[in-house]
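Chain by chain, the residues run as shown.
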Amino acid sequence: MLNTKAVDLVVVGGGPAGMAAAVAAAEAGVEEIVLLERQAKLGGILPQCIHNGFGLRYFKEELTGPEYAYRFMLELKKKPRIQVKTETMVVTITPDRQVVTTSAAEGLVCYQARAVILAMGCRERPRGAINIPGTRPAGIYTAGSLQYLLNIEGFLPGRTAVILGSGDIGLIMARRLTLEGIRVRAVLELMPYSNGLNRNVVQCLEDFNIPLYLSHTVTAIHGQGRVEKVSVAPVDADLQPLVEKGFDLACDTLVLSVGLIPENELSLQAGVELDPATGGPVVDSFYQTTVEGIFACGNVAHVHDVVDDVSAESAIAGRAAAAYLRGEIGGNRWLPVKAGRNIRSVVPQRIVVGQATPLYIRARFPEKNAQLNVGHGHSKRRIVSPGETIYYTVKPEDICSQEGFVRVGLEGGKVDD
Amino acid sequence: MSITEVDVLVIGGGVVGAALIRELSRYELDLVLVEKEVDVSFGTSKANSGIVHSGVHDRPGTLKAQLSVRGCQLFPELAAELDFLYKQNGAVVVARSREELVELEKLVENGRANGVKDLSLISREELRRIEPNLSAELVGGLLAPSGGIVVPFDLVFALTENAVANGAKLMVNTEVLGIKEEKDGFFVRTNHRPIRAKLIVNAAGLYGGEVAAMIGDHSIQLYARKGEEYLFDRKLEGLVQRTVFPLPSKVSKGILVIPTVDGNIMIGPTAHRVEDYDLSTSLAGWNEIFPAARKLVPTLQPTDLITAFSGLRAVGTSGDFIIAPSIISPRFINAAGIESPGLTAAPAIAEYIVELIKDSGLPLARKQKFNPRRTVVRLRDLDPQAQAELMQKDPAYGQIVCRCEMVSAGEIRDAVRRGATTLDGIKLRTRSGMGRCQGGFCTPKIIRLLSNELGLPPEQISKNGPGSELLFGRLRGDRAKEEKQHA
């Protein structure tokens, strides 16, 4: 028979989101919390992010990834109500909140939870997902797995690298590889703009004279045993490669930083509805999903620019789960968000009426001097870029509940050529 | 240098060589299988479509027809004995027009002439009922319920592991460099120690012509026909139940939609003659396959793609398999030009070759203690109760390494003990790294596990053999730290 344990709250994932949510829930009085983490250590991806730049928003000081994670680990230590289970993998989550786990220490265990917080984070898009033609040699790494090999395991994974994708991880890895003596020949970006934070373009590429090729992509991978070179070509306005204008770059390593995908296979098992725009669950102002008692926060809900936002949002989810367990939330009236001009996604997707709600908004294309409209509220945005989150806190007076929805849009901006 | 003395040497660790060595391991024989790659199934068989063909396509009277129909019949029992991933899911050949319906009728006749059972023509409505995700444009189909699917490398591993358990020797990383005929057998030079064999079976796939030429037999002329395949996320499981074929063209069975035993959907393959043995995939291949597959299943989305690969079929000039003693020596048997439906036919090819060996005069006596069974632990396929018991017995099965495919450290350790020495060897034996993240999370862990289990430093761990090492050693700082610790 399966070993079944009844608990108040199960938090799935011990990265920044899960840690912050568990701490907040404990502070809000939840009695029995189980925090499940599949790795041997807590912190998710933070321990391998040894660069600085973390904590500026949340702690008002600059920290490295391990330091940032450590702050939450200390908080967890002070909360004996939180049972931390590392090297424990969640196998299934049912809509009625049964969470089945497996571990070497305890084998198969089933938790019957009164509430669940999903905090599984995201994974990287692999080579196959973007269908790069060519051979299948060793030396093709996603940026995050390369970062793990380098920073956690201490291995030299290559000598000459090309990086595809100028998201933040790609940019940070360009600098990191350079510092370890690996020659980074180029960072290639399919879009006409970088998908990373501007500060990372400056500090990770420009400061190290690493060329950034905008509107370029890899059209073929060459090499039998190990990567020998990649073919690169500019792309046209429809993002199609102009192979005749292409060139080859010799390298032994190709690093892919081509997007993050929220890991929602378990959420789907639990019957949670996903938003195609974010790849994460549809959530309300309390980060409750479409399944009652199941909450979602952090990169499993939507991919964040900075971990500080993950912590802030996860604390909301943790407190909300506590309120839910006390019977204080449920049956709230909410309005759906409607994405207007130049809006790719908005989280939360459902705004609870009367609740001030911080929104994370992502634009479709870059523009300047636009006005952001949220319901009846608005604010000026000098620079809008798909790589940077647009923040706006909806106030209760921005919303007119008779309208049945909250429109979010950018208006009047100037689009650069 | 010592010499390996055997009765039968099988050259080539693809599905044909594997099926044969397993069949031969039923007899009191000293056997060796040599494979030039670092692992069995790493050549053509690795990239096989994994279809157990019913036999409707082959021309009556050919070895292809005879052996694939027999092979297809052998699969259910073989799978039960050897616990490889196989499913009799049935096949459907679809027609897109009235003219094609006529062609389907001819195909039914063809199949019946080959002895394929239970074939039936079905209407558009029936087709929609049994495969609701097929295009509404299709006007009818031919149902072949005996067709199946198999994980091709799993089949090869199962066959070779069972042969080894029954006393056969397996030598990987062993390339045959020259063969000299002697009074009562052959002297075979390899990149390792030489082998003396009374009888040789040439199952060297693409290299069958070269191996035959080593004894002066220049009759085997082969060329490579490349096929690209594209694999979609397991979340599409059930999109089609049966393997879906269009009507065949002159050179191939066309672009298919294949449900894999593991629950993925695969589309392909292309079929183009190539001069060099390069395994790249191409934009042209994708542009040929994807639109063709969409004509069968219109809801396929490129965003659900997880990987692509290609393989090279060894194609002979006669249009049929070449399975016969060489013109040079009755004790040198060629099994060459084993293109599609070679995987289906492999168990029957093995039986057929055993008969040829009997004819050659080599005495064959049945073993008293042949064990036909092989089993492996596949955590993912067990029910929770069985999983719990397994983890209780051995906690390594509770430690999940590959999250996408739910593969445990215990299974990875088993895979090394079963013969894996590389990342791909682990992947093909366990599925770790084959899921939607394609090894993003588990690769570093598997490098560690392989390194520990094989007793090799991590920088010697490769993707699929020498030249494909994954790491270039330690970082400067870590090296310095280690040296300090040693001092």
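The residue numbers shown here count from 1 along each chain, following its written sequence. Here every chain gets a letter starting at A, and every ligand a number starting at 1, in the order they are written. Residues qualify for local features only when their pLDDT is at least 70, as the model is predicted, and side-chain atom pairs are given and counted only at 80 or more; totals for whole chains, interfaces and linings, by contrast, use all residues. Neither water nor hydrogens contribute to the side-chain values; these are computed over all heavy atoms in the structure.

### As for the overall build of chain A
Next, step 1: Where helices and strands are cited, they refer to DSSP runs of H or I of at least four residues and of E of at least two residues respectively, numbered from the N terminus. Check the secondary structure of chain A and you find 8 helices and 25 strands.
Next, step 2: Relative to the 2.2 N^0.38 estimate, which gives 22 Å for 417 residues, the radius of gyration of chain A is 22 Å and therefore close to what a compact globule would have.
Next, step 3: Expressed along its principal axes, the backbone C-alpha trace of chain A runs to roughly 65 × 55 × 40 Å.
Next, step 4: In this charge count, Lys and Arg are treated as positive and Asp and Glu as negative; neither His nor the chain ends contribute. The atoms used to mark charge sites are NZ of Lys, CZ of Arg, CG of Asp and CD of Glu. Positive and negative side-chain charges in chain A, numbering 42 and 44 respectively, have mean positions lying 1 Å apart. Using C-alpha atoms as the atom set, the radius of gyration is obtained and then compared with a globule rule of 2.2 Å times the number of residues to the power 0.38.

### Quick notes on the overall build of chain B
Next, step 1: What chain B contains, in helices and strands, is 13 helices and 22 strands.
Next, step 2: Rg of the C-alpha trace for chain B: 23 Å, near the compact-globule value of 23 Å for 487 residues, within the 12% margin.
Next, step 3: Taking the principal axes of the C-alpha coordinates as reference, chain B spans close to 80 × 60 × 45 Å.
Next, step 4: Partly exposed describes any residue whose relative accessible area lies between the buried limit of under 20% and the exposed limit of over 50%, with all areas from a 1.4 Å probe on protein chains only and scaled to the type maximum. Looking at chain B as a whole, 61% of its 487 residues qualify as buried.
Next, step 5: Two residues qualify as a contact provided that any one of their heavy atoms is within 4.5 Å of a heavy atom in the partner residue. A separation threshold of at least 6 residues defines the contact pool for chain B, and within that pool the share at least 24 residues apart is 71%.
Next, step 6: Surface exposure of chain B reaches about 19,600 Å², of which carbon and sulfur atoms provide 50%.
Next, step 7: Put simply, chain B has 60 plus and 59 minus side-chain charges, and the middle of one group is 2 Å from the middle of the other. The protein chains shown are the only cover counted for residues, whose accessible areas, like all others here, come from Shrake-Rupley with a 1.4 Å probe.

### Some details on the pairing of strand β16 (residues 265–268) of chain B
Residue and element names in this part refer to chain B.
Next, step 1: Alternating positions in β16 separate into two faces, I265 and I267 on one and M266 and G268 on the other, with burial throughout.
Next, step 2: Two strands form a pair only when DSSP identifies at least two bridges running between them. Alignment of strand β13 (residues 222–232) against β16, held across 3 bridges, turns out to be antiparallel. Counterpart to Y230 in the pairing with β16 is I267.
Next, step 3: Bridge count for strand β15 (residues 256–259) against β16 is 4 bridges, and the pairing is antiparallel. Within β16, the residue paired with V257 across the bridge is I267.
Next, step 4: What sits between β15 and β16 in their antiparallel hairpin is a turn of 5 residues, with G263 showing a positive phi close to 100°.

### Some thoughts on helix α7 (residues 283–296) of chain B
Residues and elements named next belong to chain B.
Next, step 1: Its 14 residues give α7 an end-to-end C-alpha distance of 20 Å, which sits within 8% of 20 Å, the value for a rise of 1.5 Å per residue.
Next, step 2: Within α7, burial applies to G285, W286, I289, F290, A293 and L296. Down the axis of α7, the sector holding all buried residues measures 115°, keeping them to one side. Away from its buried face, by an angle of more than 90 degrees, α7 presents the exposed residues A284 and K295.
Next, step 3: Looking at the buried side of α7, the elements it contacts are β5 (91–95), β13, β14 (243–245), β15, β16 and β18 (305–316). Here a helix's expected span is defined as the number of its residues, less one, multiplied by 1.5 Å. By arc we mean the arc of the directions from the helix axis to the C-beta atoms, nothing more.

### Concerning the environment of R326(A)
Next, step 1: Its location among the elements puts R326(A) in the loop between α8 (307–325) and β18 (334–339).
Next, step 2: Within 3.5 Å is the distance limit for a polar contact, defined as a pair of N or O atoms, with the added protein rule that one can donate a hydrogen and the other accept it, and that residues adjacent in sequence qualify only through two side-chain atoms. Here the side chain of R326(A) touches A28(A) through a polar contact of 2.9 Å, landing on its backbone oxygen.

### Remarks on the domain arrangement of chain B
Residues and elements named next belong to chain B.
Next, step 1: Along its sequence, chain B is carved into domain 1 (1–88 + 149–221 + 317–374), domain 2 (89–148 + 224–310) and domain 3 (379–486).
Next, step 2: Residue ranges for the domains trace back to a domain assignment, done automatically or taken from a database. The C-alpha-based centres of domain 2 and domain 3 are spaced at 34 Å.
Next, step 3: Each side of the interface is counted separately: domain 2 has 7 residues, and domain 3 has 8 residues.
Next, step 4: For the pair domain 2 and domain 3, the two sides together bury roughly 620 Å², of which 31% comes from carbon and sulfur.
Next, step 5: Note on terms: buried area is the combined drop in 1.4 Å-probe accessible area of two parts once they are placed together, counting the loss on both. Together, R234, D262 and I306 form the three largest contributors to the area buried by domain 2 at its contact with domain 3, with a combined 70%.
Next, step 6: Salt bridge criterion: a side-chain nitrogen from Lys or Arg within 4 Å of a carboxyl oxygen from Asp or Glu. Where domain 2 touches domain 3, the interface holds 4 salt bridges.
Next, step 7: One salt bridge connects D262 with R431, and the closest N-O pair in it is separated by 2.6 Å.
Next, step 8: Taken together, the connections running from domain 2 to domain 3 amount to 6 residue pairs in polar contact (both at pLDDT 80 or more).
Next, step 9: Only Asp, Glu, Lys and Arg are considered charged in this grouping, and only Ala, Val, Leu, Ile, Met, Phe, Trp, Tyr, Cys and Pro are considered nonpolar; every other residue, Gly among them, is considered polar. The residue inventory of the side of domain 2 that touches domain 3, partitioned by class, reads 1 nonpolar, 2 polar and 4 charged.

### Some thoughts on the pattern of salt bridges
Next, step 1: Following the criterion strictly, the structure yields 55 salt bridges over all chains and no others.
Next, step 2: For D414(B), the salt bridge identified is with R413(B), shortest N-O distance 3.1 Å.
Next, step 3: Three or more residues are tied together by salt bridges with common partners; here these are R38(A), R123(A), E263(A), E265(A), D233(B), R403(B) and R436(B).

### Focus: the interface of chain A and chain B
Next, step 1: Contacts between the two partners involve 48 residues from chain A and, on the opposite side, 47 residues from chain B.
Next, step 2: Summed over both sides, the interface between chain A and chain B buries roughly 4,000 Å², with carbon and sulfur atoms accounting for 57% of that surface.
Next, step 3: Summed over the three residues of chain A that lose the most area to chain B, namely N131(A), R136(A) and F155(A), the buried surface amounts to 15% of that side.
Next, step 4: Across the salt bridge formed by R448(B) and E153(A), the nearest N and O atoms sit 2.6 Å from each other.

### Quick word on the environment of E103(B)
Next, step 1: Position of E103(B) among the secondary structure elements: in helix α3 (residues 98–113).
Next, step 2: C-alpha separation for the pair E103(B) and G285(B), spaced 182 residues apart in sequence, amounts to 27 Å.

### So, the sheet that holds strand β9 (residues 160–164) of chain A
Residues and elements named next belong to chain A.
Next, step 1: One open sheet accounts for 5 strands, arranged β8-β15-β9-β10-β11; its pairing is parallel. In this open sheet, the two edge strands, each paired with only one partner strand, are β8 (140–142) and β11 (212–214). The mean angle between the axes of side-by-side strands here comes to 20°, regardless of whether they run parallel or antiparallel.
Next, step 2: Seen against the sheet, helix α4 (residues 143–151) touches β8 and β15 (253–256) and runs at an angle of roughly 95° to β8. The convention used is that axes are lines fitted to C-alpha atoms, helices contributing only their stretch in contact, and that angles between N-to-C directions extend from 0 to 180 degrees.

### Some points on the packing of aromatic side chains
Residue and element names in this part refer to chain A.
Next, step 1: Ring geometry is summarised as follows: Phe, Tyr and Trp rings, the Trp one being its six-membered ring, pair when their centres sit within 6.5 Å, and such pairs are stacked at plane angles under 30 degrees, edge-to-face over 60 and tilted between the two. Taken as a whole, this structure holds 14 aromatic pairs over all chains when the rule is applied.
Next, step 2: Taken together, a centroid distance of 5.1 Å and an interplanar angle of 90° make the contact between Y58 and F59 edge-to-face.
Next, step 3: With a relative accessible area of 32%, Y58 lands in the partly exposed category.
Next, step 4: Relative accessible area serves as the criterion here: at 23%, F59 is assigned to the partly exposed category.
Next, step 5: Centre to centre, the rings of Y213 and F247 are 5.6 Å apart; their planes meet at 40°, and the pair counts as tilted. Placement of the pair is Y213 in strand β11 and F247 in strand β14 (residues 247–250), with a sequence separation of 34 residues.
Next, step 6: Judged by its relative accessible area of 27%, Y213 is partly exposed.

### So, the side chain of R176(A)
Next, step 1: Here R176(A) lies in helix α5 (residues 168–179).
Next, step 2: Exposure remark for R176(A): the relative accessible area of 15% places this residue in the buried category.
Next, step 3: Looking at R176(A), its side chain comes within polar contact range of the side chain of N151(A), at 2.6 Å.
Next, step 4: Residue contacts for R176(A): discarding those within four places in its chain leaves I50(A), L150(A), N151(A) and L475(B).

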